Structure formats: C-alpha cells, structure tokens
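# Tertiary structure, described
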Amino acid sequence: MAQSQWASGLQVDRWAKELYHEVNKEIYFKKFMGSSPQSMIQVKNELNGDAGKKITFGLVARLSGSGITGDSTLEGNEEAMSTYTDTVTTEMIRNAVRNTGKFDDSKNLHDFRSESLSILKTWMAEYIDTEMFTDLSTSPTLLLRADAGAVEPSSRTYTGLAAAKAALADNDDITLADISALKQFAVLAPQSHYRLRPIRVEGNEYFVLLVHPEQAYDLFNDSTWQQAQREAQMRGDSNPLFKGALGIWDGVVIHQHENITSFTDGGGASVRGAQALFMGSQAGLFANVGTPMWVEKTFDYGNQLGVAGGMIYGSAKASFNSKDFSCITYVSSCSALS
C-alpha cells in the first residue's frame, strides 16, 4: 500500500500558514481591522518587506463643505480633499520553544508541533494587542476629563495627560452624558483638532469607545444605561464591530478590555482611574509585511526539536503634525475591583 507524507519543506510551510491563520483569529483588534480607510484600524499588507521598512498610509479627513444645491454650477466649485500621510516602521518579532527530547515526548500524549502552534500563536496575538494598546494610549493630544460637578465639557478638555489626571476627583466616574460629549467633540473638532470620521455599518455611522473593566462596572450601575440596554436592539450584530460589545449609546459602540491603561495617581496622588479610548476611522494603523515564519531546528543529534515562530509587522496611532488623527482619550475615576 502506498502512503503519502508531507515533504519537510511543505510541512514547515503548512505550519507557517496555520500559525498565521490562528494568530489572526486571536488578535483582539481583528474585529476593528480592515484594508479600507473607513476601518478603525487600517491594515496594509506589503509583500517582500524587511524589518525596519516604513509603510506609508494616507489619512483622509471628512469633507466639510456645504455642497451645491439646485441648478447652481458645481463645476469649478469642487471641494478640495484634506489628505495627510503617516508612516509605520515595521519590526520583526520572534519566539521559540524546544522540547526535552524524543524519550520524554514518548511519555506524553500531546503532539509537540501542535502544542508549539498553540503557545506561539497565543504569545504573538497578545504581543500584537499589547503593542496596539500602547500605541493608542501613549501621549494623547486631545482628552476629555470626567467631572461629577457637571462642568461644561468644553472646560475640561486637555492637550496633555498629566493635567487631566491631576484635576480628577474620586467620584468623577464615566457618564452617558460624557459619551455623547465625546461624539460631539468628534464631529465638531474642538481646539482645531481633526474631525473624526465615523465607521459606517449598513448605512449607519458609529464610533467606538474602549473602556477599562472598572469603568464598565461603573457604567453598568448607571440606571439610565441599564434601561437603555434593556430597550435597545443591537443593530447589525453580524458585523464584527458589534461582536462582544457591551452596548450602544448615542451611536457609540462600547467595548471593554483589560489592556486599557489604568492608574492610581489621579487627583495629584490617590485617585484611581483609567484612560478610555474613543475612536473613529483610521484611529490606528497596522502594517503586515511578508509571510509568517515557522522554523524547525534539531539539536543533540536530532533528539531535540525546537520550533520558532515570528512575523514582521508595524503598528501605530494615526497622527499628523503631532496631533492624534482619530482618537480622543477619556479620563475618568473608577471603582477599585482589584
């Protein structure tokens, strides 16, 4: 009877493709990613790239003109598009695992290659997510601070994180009014900031607010939020944007994640809080370069097997002229759950 086996080179290629497929499924930001400038995280796939290569993205601002009505002449009155560019520098990440030897493998039911795939894809997905959260959270240029004293939102915007945190009080929790204010800031572009473009889903426009679990807890205890979610019907729930969402308020889809930055030094020293992220289209940029890597190497005369996995990619928060392009940081106090 003839039996077929994978050639060694093809086997490595198969595992590389499987690693890439599994990592893509595990990345938290995958639901927000797409190749279009309408995506919250815009992705570019470049082939034959090397570590350190810079990938250029075009940033597209909203049109702000009133257009032409009736039979008025449109020709010669076209609106100029406001476009910018931002670059992402790629890097190579790798990690590897190595077994004890063939004798030890013979005593275990698990297949070493399969276990390697599982642990490497988890590591890579978590690494990429951590980097993306860091990119989006670092050095924000437009912030809104929560305020229980009902101070006008326009009086509590900041261009730096330190001042926003220092002014925070212990009961300045997340509010639905502030979520609506964030949406209006996105549309009105305060402080000469760029107007955020919403994410369009089935003809509707949405923004995304990513909150810390402790901010989510405070939101859940808001009676208005509870009533709104009881009466609301999640729209377009087949779209990845809504997968795992806590709910929708005023056209803002709210998600939570433990990687949102939290702190305990608000109010000058002792206020616990977090930096939620309010985002529209092209808030983040992701450059995926080349094909994934899966390398197998033997040691000790073939008794031990090592497996390495990696990829070349780059990520960044979209910005132009040192201003965040489509991201507003929302700073609030929050309950201590840990």
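Below: a short report on this structure. (Residues numbered from 1 in each chain as written. Predicted model: local features only at pLDDT ≥ 70, side-chain atom pairs only at ≥ 80, totals over all residues. Heavy atoms only, no water.)

## Considerations on the nonpolar core
Core analysis: the biggest nonpolar cluster contains 43 residues, and Phe29, Met40 and Leu241 have the highest contact counts within it. Ranked by residues supplied to this core, first place goes to helix H3 (residues 112–137) with 9 residues. Beyond its immediate chain neighbours, meaning those up to four positions away, phenylalanine 29 contacts Met40, Ile41, Asp129, Met132, Phe133, Leu136 and Leu210. Among the nonpolar cores identified, the runner-up in size contains 23 residues, and Ile174, Ala181, Leu196 and Leu219 belong to it. (Core = buried A, V, L, I, M, F, W, Y, C linked by side-chain atoms within 4.5 Å. Buried < 20%, exposed > 50% of the residue type's maximum accessible area, 1.4 Å probe, protein only. Helix = DSSP H or I, 4+ residues; strand = E, 2+ residues; numbered from the N terminus. Contact = heavy atoms within 4.5 Å.)

## Details of the environment of threonine 175
Structurally, threonine 175 is set in the loop between helix H4 (161–166) and helix H5 (176–188). It is 9.6 Å that separates the C-alpha atoms of threonine 175 and glutamine 215, two residues lying 40 residues apart in sequence.

## Some points on the pairing of strand E14 (residues 284–299)
Taken together, the 6 bridges between strand E2 (residues 41–46) and E14 define a ladder with parallel strand orientation. Note that in E14 the partner of asparagine 45 across the bridge is asparagine 288. Counted along the chain from E14 to the antiparallel partner strand E15 (residues 304–317), the turn is 4 residues long, and its residue aspartate 300 has a positive phi close to 50°. (Pairing = 2+ DSSP bridges.)

## Some words on unusual backbone geometry
At aspartate 300, a position not held by glycine, the phi torsion is positive, near 50°. Inspection of the secondary structure assignment puts aspartate 300 in the loop between E14 and E15. On the basis of relative accessibility, which here comes to 49%, the residue aspartate 300 falls in the partly exposed class. Of note in the backbone geometry, tyrosine 301 takes a positive phi value of approximately 60° without being a glycine.

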